[in-house]
Amino acid sequence: MEEDTDFRISSSCFITDHIGFRGTIKSSPSDFVVIEIDEQGQLVNKATDEPIYKICKVLPEPNNFAKKTKLDLQNLFFEEGSNQGISTLVGCSDDDRNHQSGSEKEAIINDGTSRGEEEKVDILGSLLDEKTNELLNHFACDIKEKWNSKTEQIDSSPEFFLGTIIDKNQRAILHSAIRQKFPFLITIGKNSGIVVKPNLEYKELCHLVSEEEAFDFFKYLDAKKENSKFTFKPDMNKDHRKAVHHFVNKKFGNLVETKSFPEPNYNAGNPHIVITVRFREKAHKHRKRSLLECQETKVIYTAFTLRKENLEMFEAVGFLAIKLGVIPSDFSYAGLKDKKAITYQAMVVRKVTPERLKSIEKEIEKKRMNVFNIRSVDDSLRLGQLKGNHFDIVIRNLKNHVNDSADLRERTLEAIENVKNKGFVNYYGPQRFGMGRKVHTDQIGLALLKSEMVKAVKLFLTPEDLDDPVNRAKKYFLQTEDAKGTLSLMPEFRVRERALLESLHRFGMTEEGCIHAWFSFPHSMRIFYIHAYSSKVWNEAVSYRLSTYGSRVVKGDLVCLDEDGDDEHFPSRKVHLVTEEEESAHTYTIHQVVLPVLGYNIQYPKNKVGQWYQEILGRDGLQTCRFKVPALKLNVPGCYRKILKQPLNVSYQLIEAHDIDAKAEGSHMDEAALSLLISFDLDASCYATICLREIMKHDF
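Residues numbered from 1 in each chain as written. Predicted model: local features only at pLDDT ≥ 70, side-chain atom pairs only at ≥ 80, totals over all residues. Heavy atoms only, no water.

## As for the sheet that holds strand 6 (residues 229-231)
Here three strands make up an open sheet; going across it, the order is 6-8-7 and the pairing antiparallel. Looking at the sheet topology across the chains shown, the edges are occupied by strand 6 and strand 7 (256-262). Each neighbouring strand pair of the sheet contributes to a mean axis angle of 25°, computed without reference to strand direction. Packed on one face of the sheet, helix 8 (residues 238-252) meets strand 7 and strand 8 (273-279) and runs near 160° to strand 7. (Pairing = 2+ DSSP bridges. Helix = DSSP H or I, 4+ residues; strand = E, 2+ residues; numbered from the N terminus. Axes fitted to C-alpha atoms, helices over the stretch in contact; angles between N-to-C directions. Contact = heavy atoms within 4.5 Å.)

## Quick notes on unusual backbone geometry
In this structure, K351 is a non-glycine residue whose phi angle is positive, near 65°. Inspection of the secondary structure puts K351 in the loop between strand 11 (342-350) and helix 11 (354-358). For K351, a relative accessible area of 53% gives the class exposed. The backbone of N403 sits at a positive phi, close to 70°, despite the residue not being glycine. Mapped onto the elements, N403 comes out in the loop between strand 13 (388-399) and helix 13 (408-422). (Buried < 20%, exposed > 50% of the residue type's maximum accessible area, 1.4 Å probe, protein only.)

## Some details on the sheet that holds strand 3 (residues 160-164)
An order of 3-5-4 is seen for the three strands of this open sheet, with the pairing classed as antiparallel. Two strands close off the open sheet at either side, each with one partner strand: strand 3 and strand 4 (185-190). Ignoring which end each strand starts from, the neighbouring axes of this sheet average 20° apart. In this sheet, strand 5 (residues 193-198) lies alongside strand 4 in antiparallel orientation, the contact comprising six bridges. Bridge pairing in strand 5 links I188 to V195. Where helix 4 (residues 130-149) meets the sheet, it contacts strand 3, strand 4 and strand 5, and its direction lies at approximately 20° from that of strand 5.

Here it is in structure tokens:
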């Protein structure tokens, strides 16, 4: 977080009803320790001599505990076929295997089932009892028979409940194994169990392509293997190809993109056109290169754990870049971390060997940084590629709220247990907005969305009311717009500001020049400002939603049907609009309610909250905004975020201040200030200060 001192959430709400207490957080960086939890559930500050992950195999979806296990399974399922190359389908049906080469056919077991398929059968057999496994197969066969009969209509009503499965990882394994074995079915988490239903999108696609193609396409879509692609069979009918393009982009456009190409080795006089589907490039992919280029020029990637103390993350990256002779965009990371704290996070740097990184260890210690767990890996990280964060926090000088005479210890324990059980309002935290500064990041994001490039640059370079070299340089620029002169004043370690100024010096302070200047930032940083604006609106939306309807789930609310979807990126088909009947029957709970984070591919609630969104967009001049900024190559599809979250693995201890600080020697026990030591885990994209705010009923 940048700074928390001036952080306020306007018209903020609480979901719990306890009184809370007052206290001081972040008295020193050591009072606020943040340790990233990697996708395997390991704390990244633990020393290791082995690579924690092989990123080249699979890039999992961000912050999805269940999907992490699923993707581990896909490494298991497809390990035998890992030599097929990135253009090979992820999983093939038996019919498609007729087109494989002889060497590939040798990998098929005599009964026609691949080794990978046998693995999946074994997975289902090991997790389901024999009767349930048999009933699941009968359910799948019944669905296929009804579809194949072409005389019997089928809707979304047939369901098969696998039963309650307490272990979340086992649920995740089952979700994946079922969808891979039966792509014509979908799985939904419900009450710690799994519901299996027909996949109506599969049936719809079967009206456009062969069932074999639909079968393989949905297996490909569920596997989400990085750099893989799927190719439909040759299609000479342009109108039919257009219909397939339209279907895929309408249903899955936020995940994949489609293009038509001539089939390789085609006859120039009679080309065969095929539709190719591939997953959209991640933000950290800045250049498209052919497979041949990648083989000829293998990029070096070095992973490490960064420990920093009281240091803003971008400043840390800028300093490392200077010392290593690379640029900041050569660094990738899974998430942003607090400034006034001791933080541990995973990073990957391109074009730097492990030996080179180790050679600067002593130099960077002077900047309160350390690097360890240094090793070679095969690819970069991306934002969200983590399970969550662990926090160890000291809250000092505990006091009752004004006019509260209850026992302070009882108040404190009551508050923690209440939030532990009921959760907290899942606001975006202050580091999203740069609170404590004159200009917040969301203001820059709004300017970019409105294509006000010059205004956005000026906002970025607005000085604080401080007399230091950085702010003197910014003040000089706003007075003169002299980029060259400002460069001579701007300290070397301010890498972002200098990159922007160098571009402005070259291209000028015009709309076109400012567009070039924004391209001096990596894509992840450009889109960060857009996300900051969307996050601010989401914070305001959840306050309005709770103040209008409270904890009731009402008609027109949006709910997430998949309780195992812990991240913000569950598909739109898992988001359901609550009906009047469901409101009356209390079908859903407040913990299932989500609100959209602004973008071009989201739906709004169909109640007062949806109307509120439209009013806010009008207020900010975005009535016609498509959440795309072509000039900066920014596309924001949007997503959904649960309005409530809960801390995990909570532990705490009340302690007298002199038990923490030896300097309190000689103080009387009853006069000693009380402090709270609290530890907990949060999902990625959740904020510790927001959780503490709910516990303490206090804005910092």
